[in-house]
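Summary of structural features
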Amino acid sequence: MRFNEKELVFLSRQPSERAAELGMKGPKKGDVMKRRLVKLIVNFLFYFRTDEEEPIGALLLEQCRVEREDNMAFSIAFLDEAERKYLFECDSQEQCLEWIDAIVKASYEFMRKNLVFYRTEIHRLTGKDPLEQYGISDETRFQVNSGFPPLPPPPT
């Protein structure tokens, strides 16, 4: 996926959901653990040298798996490139769990699944499709595709 560098720098300066100095090891053989300022903004994880304002990199948190490595470390691996694994070391077990939770919830897919779940629940309770008023009820990306019964067509 391609990104405009200026737009990414602009995004990296926006308020973050989480930010901290963490140990970070890149995916390349021979990479070593380095202290980095890590910022979670929307579904991007930006990382900076601790003394610089511009990011040295960003991870798009889509199609990835976040795993706890030990009490104070977690990793991010991308589904299409399992060998591309980033390791992060936290200062405490609590901080590690908070980062894992925030990263999992940052993905578009997580938000889409929540929208589909709540759409189904509202429809079940009220008999109305809450997305219909916005004209997006038929969009494929908001359709129930697993685990939930399909929504009936709106009454005519």
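The structure reproduced in this document is the subject of the present report. All values reported here derive from a predicted model rather than from experimental measurement.

About the thresholds
Residues numbered from 1 in each chain as written. Predicted model: local features only at pLDDT ≥ 70, side-chain atom pairs only at ≥ 80, totals over all residues. Heavy atoms only, no water. Pairing = 2+ DSSP bridges. Helix = DSSP H or I, 4+ residues; strand = E, 2+ residues; numbered from the N terminus. Axes fitted to C-alpha atoms, helices over the stretch in contact; angles between N-to-C directions. Contact = heavy atoms within 4.5 Å. Phe/Tyr/Trp six-rings, centres within 6.5 Å; stacked < 30°, edge-to-face > 60°. Buried < 20%, exposed > 50% of the residue type's maximum accessible area, 1.4 Å probe, protein only. Lys NZ or Arg CZ within 6 Å of the ring centre and 35° of its normal.

**Considering the sheet that holds strand β1 (residues 18–25)**
Taking strand neighbours across the sheet as the criterion, the 7 strands line up as β4-β3-β2-β1-β7-β6-β5 in an open arrangement whose pairing is antiparallel. Whereas interior strands pair on both sides, the edge strands pair on one side only; in this sheet they are β4 (57–60) and β5 (64–70). In this sheet, adjacent strand axes meet at a mean angle of 35° when their direction is disregarded. Packing of helix α1 (residues 5–12) onto the sheet brings it into contact with β2 (34–41) and β3 (44–49), and relative to β3 it is tilted by some 85°.

**Observations concerning the packing of aromatic side chains**
Taken as a whole and assessed by the stated rule, the structure comprises 4 aromatic pairs. Seen in terms of ring centroids, F78 and Y86 are 6.4 Å apart; in terms of plane orientation they differ by 85°. Their pairing is edge-to-face. A relative accessible area of 5% places F78 in the buried class. For the pair F117 and Y118, a centre-to-centre distance of 5.0 Å together with 75° between the ring planes defines the contact as edge-to-face. Note on F117: relative accessible area 31%, which makes it partly exposed. Taking the ring centre of W99 as reference, the NZ or CZ of R18 above it sits at 5.3 Å. Between R84 and the ring centre of F78, over which it is positioned, the NZ or CZ distance is 4.1 Å.

**A few points about the environment of L11**
Along the chain, the position of L11 falls in helix α1. In this structure, the C-alpha to C-alpha distance between L11 and V42, residues 31 residues apart in sequence, is 9.0 Å. In this structure, L11 is in contact with I41, V42, F44 and F46, ignoring residues within four places of it in sequence.

**Comments concerning the pairing of β1**
As paired strands, β1 and β2 are joined by 7 bridges and run antiparallel to one another. Looking at the pairing, G23 lines up with R35 of β2. Sheet topology note: the β1/strand β7 (residues 81–89) ladder contains 3 bridges and is antiparallel. Each residue of the ladder has a partner; that of K25, found in β7, is L87.

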